[in-house]
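Now for the letters of each chain:
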Amino acid sequence: MPYRLLKFAFKKDYPEPRMFRAPAQLKNEYDVVIIGGGGHGLAAAYYLAKNHGITNVAVLEKGYLGGGGTGRNTAIIRSNYLTPDGVRFYQRSVDLFQDLSRELDFNLFYTERGHFTLAHSPASLNTMRWRAEVNKHLNVDSELVDAKFVKRKLPEIDLECGGHQAPVMGALYHPPGAIARHDAVAWAYARGADQYGAEIHQQTEVTDIDTEDGKVVGVNTSKGYVKTRKVLSAVAGWTTQTTRMVGLRTPLVIHPLQAMVTEPLKPWLDHIVVSASLHLYVSQSSRGELVTGASLDPAELISMRSSLDFAESLSTHLIDLFPAVGRVNVLRQWAGLCDMTPDFSPIMGKTPIDGFFIDAGWGTWGFKATPVSGETMASTVATNQQHELIQPFVLDRFRKFQLVGEKGAAAVGH
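Cut-offs applied
- Residues numbered from 1 in each chain as written.
- Predicted model: local features only at pLDDT ≥ 70, side-chain atom pairs only at ≥ 80, totals over all residues.
- Heavy atoms only, no water.
- Helix = DSSP H or I, 4+ residues; strand = E, 2+ residues; numbered from the N terminus.
- Rg over C-alpha atoms; globule rule 2.2 N^0.38 Å.
- Buried < 20%, exposed > 50% of the residue type's maximum accessible area, 1.4 Å probe, protein only.
- Areas by Shrake-Rupley, 256 points an atom, 1.4 Å probe, with all protein chains shown as cover.
- Lys, Arg positive; Asp, Glu negative; His and termini not counted.
- Charge placed at Lys NZ, Arg CZ, Asp CG, Glu CD.
- Pairing = 2+ DSSP bridges.
- Axes fitted to C-alpha atoms, helices over the stretch in contact; angles between N-to-C directions.
- Core = buried A, V, L, I, M, F, W, Y, C linked by side-chain atoms within 4.5 Å.
- Contact = heavy atoms within 4.5 Å.
- 1 Å grid on protein atoms, 1.4 Å probe; cavity = no way out; pocket = protein on both sides within 12 Å on 5 of 7 lines; lining within 4 Å.
- Points joined across faces, edges and corners; volume = space filled by probe spheres on them.
- Nonpolar A, V, L, I, M, F, W, Y, C, P; charged D, E, K, R; others polar.
- Polar contact = N/O pair within 3.5 Å; in protein donor to acceptor, adjacent residues only side chain to side chain.
- Salt bridge = Lys/Arg side-chain N within 4 Å of Asp/Glu carboxyl O.

**Q** How should the overall build of the protein chain be read in this particular structure?
**A** Of the regular secondary structure elements, the protein chain holds 13 helices and 20 strands. For the protein chain, the C-alpha radius of gyration of 22 Å lies close to 22 Å, the compact-globule estimate for 414 residues. Principal-axis analysis of the C-alpha atoms places the extent of the protein chain at approximately 70 × 65 × 40 Å. Going through the 414 residues of the protein chain one by one, you find that 56% of them count as buried. When the accessible surface of the protein chain is summed, it comes to about 18,500 Å², and 51% of that surface belongs to carbon and sulfur atoms. Taking the 42 positively charged and 42 negatively charged side chains of the protein chain as two groups, their mean positions are separated by 3 Å.

Take a look at the structure:
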């Protein structure tokens, strides 16, 4: 480090401000309490203040900010979903992401890469064609491409998959597909919410939610009791614990999802590549690492342990697709929790418990929805009216059998 830069760093005239305040204690009462200090909870706090003027808000996080699903995902952003409801919802998120660095005055390393969903069979090609037509109808840039197009864009790919898997026949190509720094998104929203006046309390666990006559009246925490009339649960894989506190049943099941990164390499993979048949997805980060993951672990389990079986299986399939990475070292692997719904779409909005709002069921696609979830949940909490974009995702749809089937576009963890 140059001496003059070191001297600047220690000069008291230029102190580096904290990202956000660290309140010593909880207040007695808040207008809204948000459980979960991940991207969704922090974004909701930000938009509650920015769009609705509600600043007496507490974000309660039992660990540290972004320590759950936000910090454990592979940071892929896209809107090439299958159902019109899903496409509209995620396209709004993409629109928000594209201007988010400027709005939050924070470099999120948002970069458009182009997203390939590979097809290895005629049936898969038909699904890609279906998705492309739905996307185009809603003005989302997606198209069905053949294997030659894939090879031209991805010259390092082995279309024959080493002869071990069915060959690549084509793909759904989504040029706006992007990646971003997941922890930067969480911290930027945290700083934005704090600047508007919201309080962020880390190491503060919610132990119970107090209700009277079917209405929320307060929450018990590891740091004392807080009065509130509105609680938003945005805790992803721990949602079944918060819903149990208010006696609410949901169809959520929890599965671990694993991922890993390699050592940094010179830039060579310009696109995001997904293969449901090989159960993998991969992109190259701005630091040069290959960020890759697989489908959900089969067991229903609240656990974030990683396994050798996952690393071996994923590495094998990755080499089938890109033989050149055979000697690349793996740096680390990890696991997160995915709260899955039967129709592979989220559960959002109001619940039968007056004042208790839910933002859950994100499975493997929660990060890409961070901005739109914050915006729509803030609107729903503030007005007590379901935002139109999340009306299809209400909890009551399971009772009415009005499902939003997204398995065809979300069956692999990406």
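**Q** What's the story with the sheet that holds strand 19 (residues 347-350) in this structure? I'm lost.
**A** In any sheet, the strands associate via hydrogen bonds between backbone groups, in a parallel or an antiparallel arrangement. One open sheet holds the six strands; their spatial order is 9-2-1-13-20-19, and the pairing between them is mixed. In this open sheet, the two strands that pair with only one neighbour each are strand 9 (199-201) and strand 19. Strand-to-strand twist across the sheet, computed as the mean angle between neighbouring axes with direction ignored, equals 15°. Taken together, the four bridges between strand 1 (residues 32-35) and strand 2 (residues 57-60) define a ladder with parallel strand orientation. The residue of strand 2 that forms the bridge with V32 is V57.

**Q** Help me understand the nonpolar core in this model?
**A** Most often, soluble globular proteins keep nonpolar side chains buried together rather than apart. I34, F89 and Y189 are the most contacted members of the largest nonpolar core, which has 67 residues in total. In this structure Y189 touches G39, L42, A43, Y46, Y47, L100, L104, T370 and P371, once residues within four positions along its chain are discounted.

**Q** Before we go on, may I ask you to explain the layout of surface pockets in this structure?
**A** Any empty space left between atoms is shown by rolling a water-sized probe over those atoms. As a volume, the second largest pocket reaches approximately 470 Å³. If you go around the second largest pocket, you meet 28 residues; those closest to its centre are N73, R181, H182, R287 and R332. Looking at which element gives the most residues to the lining of the second largest pocket, the answer is helix 8 (residues 182-196), with three residues. Class assignment of the residues belonging to the lining of the second largest pocket gives a composition of 10 nonpolar, 11 polar and seven charged.

**Q** Quick question: what am I supposed to make of the side chain of S79 here?
**A** Relative to the assigned elements, S79 resides in the loop between strand 3 (76-77) and helix 4 (84-98). Here the side chain of S79 touches Q91 through a polar contact of 2.6 Å, side chain to side chain. Among residues more than four places away in sequence, those in contact with S79 are V87, Y90, Q91, V94, N135, V140 and H174.

**Q** What should I look at first to understand the side chain of D359 in this one?
**A** Along the polypeptide, D359 turns up in strand 20 (residues 356-360). Despite its burial, D359 pairs with no opposite charge; the closest candidate is R397, at 10 Å N-O. Among the polar contacts listed, one links the side chain of D359 to the side chain of H40, at a separation of 2.9 Å. Within the local environment of D359, its side chain forms a polar contact with the side chain of W362, the two groups lying 2.7 Å apart.

**Q** Please explain the pattern of salt bridges as it appears in this structure.
**A** Pairs may arise between side chains of opposite charge once their charged atoms sit close together. Applying the stated criterion to the full structure yields 10 salt bridges. For R397, the salt bridge goes to D343, with nearest N and O atoms at 2.8 Å. Within this pair, whereas R397 is found in helix 12 (residues 397-400), its partner D343 is found in the loop between strand 18 (330-340) and strand 19, the two being separated by 54 residues in sequence. One salt-bridge network, held together by shared partners, links D396, R399 and K400.

**Q** Is there a simple way to explain unusual backbone geometry in this structure?
**A** The general pattern is negative phi for most residues beyond glycine and trans for most peptide bonds. A positive phi angle, near 55°, is found at F109, a position not held by glycine. Examined against the element boundaries, F109 turns out to sit in the loop between helix 5 (100-104) and strand 4 (111-112). The class of F109 is partly exposed, set by a relative accessible area of 42%. Even without glycine at this site, Q203 takes up a positive phi of about 55°. In this fold, Q203 is placed in the loop between strand 9 and strand 10 (206-212).

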